[in-house]
Every structure is written in structure tokens, then in C-alpha cells.
Amino acid sequence: MKKKRFILAIFALIIFGGIFSVVFQYHRFKISVGNFNLIEYQWEIENFSTEQNIGEIIDKNDAVEKAASIWLEQYGICVQKKNIKVDFDSSEDCWHVYNSVPKNQLGGVYHAIIQTNGNLVAVWAED
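Now for a quick tour of the structure. The shown structure was predicted, so the numbers you read here are calculated from the model rather than taken from an experiment. (Residues numbered from 1 in each chain as written. Predicted model: local features only at pLDDT ≥ 70, side-chain atom pairs only at ≥ 80, totals over all residues. Heavy atoms only, no water.)

A look at the overall build of the protein chain
We count it as follows: In this description a helix means any DSSP run of H or I spanning at least four residues, a strand means any run of E spanning at least two, and both kinds are numbered starting from the N terminus. For each residue, the accessible area found with a 1.4 Å probe, counting protein chains only, is set against the maximum for its type, and the residue is called buried under 20%, exposed over 50%, and partly exposed in between. Contacts are assigned to residue pairs with any non-hydrogen atoms lying within 4.5 Å of each other.
Looking only at helices and strands, the protein chain has three helices and five strands in total. In the protein chain, the succession of α and β elements from N to C terminus is α-β-α-α-β-β-β-β. Residue burial in the protein chain is summarised as follows: out of 127 residues, 32% are buried. The contacts in the protein chain between residues at least 6 apart in sequence include a share of 51% that link residues at least 24 apart.

Comments concerning the pairing of strand E3 (residues 94-99)
Strand residues, when the strand is regular, have side chains that alternate between the two faces of the sheet. Note the threshold: For two strands to count as paired, DSSP must find a minimum of two bridges between them.
Burial analysis of E3 places six of its six residues in the buried class, the great majority of the element. Residues Cys94, His96 and Tyr98 line one face of E3 and the alternating positions Trp95, Val97 and Asn99 line the opposite face, and both faces are buried. Across six bridges, strand E2 (residues 84-89) lies against E3 in antiparallel orientation. Bridging across to E3, Val86 finds its partner in Val97. In sequence, E2 turns back onto E3 through a hairpin of four residues, with Asp93 there showing a positive phi of about 55 degrees.

Some remarks on the packing of aromatic side chains
The geometry of two aromatic rings is summed up by the distance between their centres and the angle between their planes. Worth spelling out the cut-off: Working definition: rings of Phe, Tyr and Trp (its six-membered ring) pair if their centres are within 6.5 Å, and the pair is stacked with planes under 30 degrees apart, edge-to-face with planes over 60 apart, and tilted otherwise.
Across all of its chains, the model carries seven aromatic pairs by this definition. Measuring from ring centre to ring centre gives 6.3 Å for Phe48 and Trp124, while their planes differ by 20 degrees; the resulting arrangement is stacked. Placement of Phe48 in helix H2 (residues 42-48) and of Trp124 in strand E5 (residues 120-126) is noted, with a sequence separation of 76 residues between them. Trp124 sits in the buried class, given a relative accessible area of 3%. Ring pairing ties together the aromatic residues Phe36, Tyr41, Trp43, Phe48 and Trp124, which thus form one cluster.

Here's the deal with the side chain of Lys66
Applicable threshold: Here a polar contact means two N or O atoms within 3.5 Å. Within protein one must be a hydrogen donor candidate and the other an acceptor candidate, and residues neighboring in sequence count only if both atoms are side-chain atoms.
Tracing the chain through its elements places Lys66 in helix H3 (residues 60-75). A distance of 3.3 Å separates the side chain of Lys66 from the backbone oxygen of Gly55, its partner in a polar contact. Residues contacting Lys66, with those up to four places away along its chain left out, are Ile54, Gly55, Glu56 and Ile57.

Re the pairing of E2
The element E2 is extensively covered by neighbouring structure, given that five of its six residues are classed as buried. Note: strand E1 (residues 33-35) against E2, three bridges, orientation parallel. Bridged to Gly34 within E2 is Asp87.

Dropping the structure here:
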């Protein structure tokens, strides 16, 4: 009888741990959307513009996925989603997707400005 209770207790702990880890991962990588003004990026648009259309952007997660694939294609870099930030300019219907570099880590900041219709306005990297 004690053996059954022990096995049941271990099983319950495993299930509880699994549920806890899924909830933790969901909240850990939740992306918030900030605001930006497209006019502040005119120099970058003039110097790093592109004529590419990557498909309509449905939401912030779609913007992140498409920006990450562009960075991988152009720079050969895979940016961790937990380091990606998203801003939106509602007057211009543009997403600004960029990464942040943690302290004590080498690497640059990658940017992509994408219109909601999928036009890739500019892509660039900073050292």
C-alpha cells in the first residue's frame, strides 16, 4: 500500500512540474509591444531599404517570426526569441522588430521595419 502511495506521489509531482514549466515558459517569452515613430528612422530607411515583400503581418508574433527569418537569411544569425523586442507605429502601420543583447555578451543589434501589408521597409544591423 505504501508503495502505491509513493508511486502516486511521484506521478503527481511529475505532472505538477510539467504544468508549472509550461506556464513558466509561456509567461517568460510573452512579447509586449511598445510604440515607435517611423520618422525617427528616416536615415536607416534611406540607407538600408529593400523592395522585398514577406507577406502580410497578422500580429506581433508573426512580425517576430518573419523578422527572425530575414535576419537568418541575410546575416546567418539566429536570434533567441526571448531577446526580441517589438514596437508598432499605428499612424504608419509599421512594425519595428529588433533584438536586445544581454550584458556581458558579444553581438550586435538587428533591426527590421515591416509594414503590416508585408513590405520590408528596412533591415540593418548595428555593432
